[in-house]
Amino acid sequence: MAGNKIILHLRAETKPREARAALTPKTVKELLDTGNFEIYVEEAPQSTFKTEEYAKVGAKIVPFESWKTAPKNRIIYGLKELPEETFPLIHDHIQFAHCYKNQAGWEDVLSRFPYGGGTLYDLEFLENDQGRRVAAFGYYAGFAGAALGVLDWSFKQLNSDSKNLPGVSPYPNEDLLINHVKTELSKAHKKTGKYPTVLIIGALGRCGSGAIDLCTKVGIPESNLLKWDMNETKKGGPFQEIADSDIFINCIYLSKPIPPFINYDLLNNENRKLRTIVDVSADTTNPHNPVPVYTIATQFDDPTVLVETTKGPKLSVISIDHLPSLLPRESSEFFARDLLPSLKQLPNKATAPVWKKAEDLYKHHVARLNKPKF
Ligand SMILES: NC(=O)c1ccc[n+]([C@@H]2O[C@H](COP(=O)([O-])OP(=O)(O)OC[C@H]3O[C@@H](n4cnc5c(N)ncnc54)[C@H](O)[C@@H]3O)[C@@H](O)[C@H]2O)c1
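Residues numbered from 1 in each chain as written. Predicted model: local features only at pLDDT ≥ 70, side-chain atom pairs only at ≥ 80, totals over all residues. Heavy atoms only, no water.

Caption draft 1: Representation of the pattern of salt bridges. Under the defined criterion, the tally for this structure stands at 21 salt bridges. The shortest N-O distance in the salt bridge between Glu 65 and Lys 68 comes to 3.6 Å. What makes Glu 65 partly exposed here is its relative accessible area of 27%. Given a relative accessible area of 28%, Lys 68 falls into the partly exposed group. Taking the shortest distance from any N to any O, the salt bridge between Lys 217 and Glu 174 comes out at 2.8 Å. Note that Lys 217 is positioned in helix H6 (residues 206-217) and Glu 174 in helix H5 (residues 174-192), a separation of 43 residues in sequence. Residue classification places Lys 217 among the partly exposed positions, given a relative accessible area of 40%. The buried category is assigned to Glu 174, whose relative accessible area is 10%. When salt bridges with common partners are traced through the structure, they connect Glu 65, Lys 68 and Glu 85 into a single cluster. (Salt bridge = Lys/Arg side-chain N within 4 Å of Asp/Glu carboxyl O. Buried < 20%, exposed > 50% of the residue type's maximum accessible area, 1.4 Å probe, protein only. Helix = DSSP H or I, 4+ residues; strand = E, 2+ residues; numbered from the N terminus.)

See the structure below:
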């Protein structure tokens, strides 16, 4: 702290094609307006936000990757995991670190914090008093996934089966994405005289509500949307209704083994309507993946993978695991806005439940380190 101010240092994202940012110019302004913050923002060549936008609201612009040599009293704030390096981390870091669920290499990632005397506040596990996550990117994952699903279905109506949906790049804003999807959908509608039926499972969650909103915004009639959640799947899969829909969007949070939603018996059928699966949940490598008809995570530059069916029309899966990056500006704004009330509590970090719980969780996992590397 400088005086009693919290000093935040927004780290530039370096993961390939990551254009999102943990803090947006709007949220920087809101934090500065409280009088409790001093904010440094790194020059970030990949970011969808320009450094001038941050400077205009009062942030101090600092060089790319300058967090590494920044004074220890700054809280380093970023979204994605740090590049694979080994030097000890002396600062407090707020970020997604992906090292609490025994992921490959978790000990190497986590041990850098106690080694340097820093602390990790993992964004994935920031919870309010009721144990609900305070901020997540799910809404725009569902929104972007549904957009790609509708694009793929439309593409299939307009092109021969020898062609696959071309790659996509991040859209500067939501309106441009919606207009593009609307245009392709209306071309397909003109040709076929129909709109796709879309079955969304996990419809009551964050991803599910984003998927529903996209479908509505591009003009798919309400009567074409089937919104399923726990109630509708309690009878147990596989479900014929999926094969009978044009697009299936899986948005569930998989917390325990469940029977598959779909299998090859249902897919290998000449009467199958299903052309596109969007697996927003993307539990691709999970042995209990309820959509066990593909094995790879697809990418924006080649969004679909073919399902090896023996009967019925061509069927593809979209299984991109970083969907919100398709709309970096809106998804960053959405996430930052949700996190803002918690960020405003940083001056009381030691006692505010959201930060206290995150610190306790960090200590819990540090205690699990088998052979501390420090
Ligand atoms: N692909 C991506 O880029 C991306 C981005 C963000 C999140 N995700 C993933 O999407 C998933 C969902 O995230 P969320 O934030 O929307 O979660 P959430 O908790 O807000 O919603 C999940 C919904 O799934 C429902 N559900 C769970 N099990 C079900 C079942 N067996 N049948 C029917 N409904 C079921 C829940 O009732 C809930 O409504 C997570 O696995 C998350 O990791 C993917």
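Caption draft 2: Just the environment of Leu 199, in detail. Within the secondary structure, Leu 199 sits in strand E7 (residues 198-201). Since its relative accessible area comes to 0%, Leu 199 is described here as buried. Separated by 28 residues in sequence, Leu 199 and Lys 227 have C-alpha atoms that sit 6.2 Å apart. Those residues in contact with Leu 199 that lie beyond four places of it in its chain are Leu 226, Trp 228, Glu 241, Ile 242, Ser 245, Ile 247, Phe 248 and Ile 249. (Contact = heavy atoms within 4.5 Å.)

Caption draft 3: Geometry of the UniProt feature "active site" (unreviewed entry) in the protein chain. Per the UniProt record, the feature "active site" (unreviewed entry) sits at Lys 80 and His 98. A maximum C-alpha distance of 8.9 Å places the annotated residues, which cover 19 residues in sequence, within one compact spot. When neighbours within four sequence positions are excluded, Lys 80 is seen to be in contact with Arg 11, Glu 13, Lys 15, Glu 18, Arg 20, Gln 95 and Phe 96. Position of His 98 among the secondary structure elements: in the loop between strand E5 (92-95) and helix H3 (106-116). (UniProt positions renumbered as here; feature names shortened; annotations may be inferred.)

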